[in-house]
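Structural features, examined
The residues making up each chain are set out below.
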Amino acid sequence: MKKEVYNLEFPSWCKEITIFGYHFTRVDDYRDRLVSLQHFITATVHAEFEVRPSAGNNAVTAYVDLPEREEKSVLKHRGSDNTALSDILLLLSIFTSRDVFMVDNAGSAGKYRIFIADPRVCHWGVGLRLSIPYKNEAIPDDEPYGYDIGFEEGLNQVYALIRSEDWQHKYDKGHYLILANMAFRCQPLETAFIQCWTIWEHLFTLHNKRWLSDEQITRLNATEKIAFLLVEYALRGEIDNSGKGRIKSLKDIRNKLVHSGYFPEGSSVYNDAVLFIRLTEFIIARTLGLEPSNFFNTIEALEDFLKHKSESKRGKP
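Before going into details, it helps to say that this report is about the structure given with it. Throughout this document, residue positions are counted from 1 along each chain, in the order its sequence is written. Owing to the predicted nature of the model, reporting of local features is limited to residues with pLDDT of at least 70; listing and counting of side-chain atom pairs is limited to 80 or more, with chain, interface and lining totals taken over all residues. Side-chain calculation: all heavy atoms of the structure are included, whereas hydrogens and water are not.

Describing the side chain of T298
Heads up, the rule is: Each helix is a run of H or I in the DSSP string that is no shorter than four residues. Each strand is a run of E no shorter than two, and both are numbered from the N terminus. Only protein chains enter the accessibility calculation, which uses a 1.4 Å probe; a residue whose area is less than 20% of its type maximum is buried, one above 50% is exposed, and one in between is partly exposed.
Within the secondary structure layout, T298 lies in helix 12 (residues 298–306). Residue classification places T298 among the buried residues on the basis of a relative accessible area of 4%.

Here it is in structure tokens:
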């Protein structure tokens, strides 16, 4: 059975990918469909097609052929009839920074369909895509470049990990990935910050619920929770009292936003909120068995933050 897939952007010169038996192929007019998506900048010299900045819209860019036998999903989606394809579409959304979704009965209704899916490119999550190692695959017919087969291999490795019993037990079937898909969308910084904070709280609970009660977890100082996860996911060897004092400023941002509806005043608040979101990308990469990309100098920014350097010295990520 073949189904239409919206907004899937393939790596340049990659015609097809297969993930857990689901075979994704480009539509015949893939170039035109790709160009019709939202783009912020003109494509670089290494892109397969030239694209220019545009507001964009949802577009069918691929078909997916289903395997003869479909497995049930392992992530906590809404509804009860989700298959592995639901998991894979979620991963594709997170790793390609677009809302990738599927429609039944490919070819019917066509242009008369109306969707409320967000056609905009996600603001966050690029750090996850960069955490999948690039691996070049040669292309026949004298194409100027190979294509990144590492994307397909990386997603298959991630999904194999997600389907393992140990991972499902440790991460309670991965609800935090659904939270991440919400957090990384195109939305105000304040909204992304709060949703990322929820992810940190959720992960802390998963790691400590066996020896702490719900009430103890709720009452525990948020500074201690953030410090715990920074060490747990090897972003820092340890957090001393001075470092915890700096982490408290993140808690202050969160409290002001929750109770007053806006960020507190301060020259470094914007940078600190962005750093927290980038750290969220780092932690999620680690939970998926990936070595996080430091493209945005996240580790250096964290060290500067803990040392209380000014915004002018840290710069914006």
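Next comes the rest of the account.
Some points on the sheet that holds strand 1 (residues 2–6)
Basically, it comes down to this: At least two bridges found by DSSP between two strands is the condition for calling them paired. Axis angles are defined between N-to-C directions and span 0 to 180 degrees, where every axis is a line fitted to C-alpha atoms and, for a helix, only to the segment in contact. Whether two residues are in contact is decided by their heavy atoms, any of which lying within 4.5 Å being enough.
Reading across the sheet, the 5 strands line up as 2-3-4-1-5 and stay open at both edges, with antiparallel pairing between neighbours. Of all strands in the sheet, those with a lone pairing partner are strand 2 (16–19) and strand 5 (101–103), marking the two edges. Averaged over all neighbouring strand pairs, the angle between strand axes comes to 30°, with direction disregarded. Pairing between strand 1 and strand 4 (residues 60–65): 5 bridges, direction antiparallel. Looking across to strand 4, one finds that K2 is bridged to D65. Contacts from helix 2 (residues 84–96) reach strand 1, strand 2, strand 3 (22–26), strand 4 and strand 5, with the element oriented near 45° to strand 3.

So, the packing of helix 7 (residues 189–208) against helix 10 (residues 241–260)
Convention followed: In this scheme the handedness of a crossing depends on how the near helix is turned from the far one: anticlockwise by less than a right angle means left-handed, clockwise means right-handed. Residue type decides the class: Asp, Glu, Lys and Arg count as charged, Ala, Val, Leu, Ile, Met, Phe, Trp, Tyr, Cys and Pro as nonpolar, and the leftover types, Gly among them, as polar.
Contact geometry for helix 7 and helix 10: axes closest at 11 Å, N-to-C directions at 115°. Between helix 7 and helix 10 lies a crossing whose hand is left-handed. Taking contact as the criterion, the partners of E190, F193, I194 and W197 in helix 7 are, on helix 10, L250, K251, I253, R254, L257 and V258. Among the residues forming the contact of helix 7 with helix 10, the class breakdown is 7 nonpolar, no polar and 3 charged.

With respect to the pairing of strand 2
Judged by which residues are buried, strand 2 turns out to be one-sided: I17 and I19 face inward and are buried, whereas E16 and T18, on the alternate face, are not. Bridge count for strand 2 against strand 3 is 4 bridges, and the pairing is antiparallel. Bridging from a neighbouring strand, I17 pairs with F24 of strand 3. Counting the residues in the hairpin turn of strand 2 and strand 3 gives 2 residues, including F20, whose phi is positive at 55°.

Thoughts on a nonpolar patch on the surface
Heads up, the rule is: Patch membership requires more than 30% relative accessible area and the absence of a salt bridge. Residues of like charge join within 9 Å; the nonpolar side chains Val, Leu, Ile, Met, Phe, Trp and Tyr join within 5 Å. All accessible areas in this document rest on Shrake-Rupley with a 1.4 Å probe, and a residue is counted as covered only by the protein chains that are shown. A pairing counts as a salt bridge when a side-chain nitrogen of Lys or Arg comes within 4 Å of a carboxyl oxygen of Asp or Glu.
Together, V126, L130 and F295 give the surface a local cluster of nonpolar side chains, amounting to about 270 Å² of exposed area. Accessibility expressed as a relative area gives 32% for V126, which makes it partly exposed.

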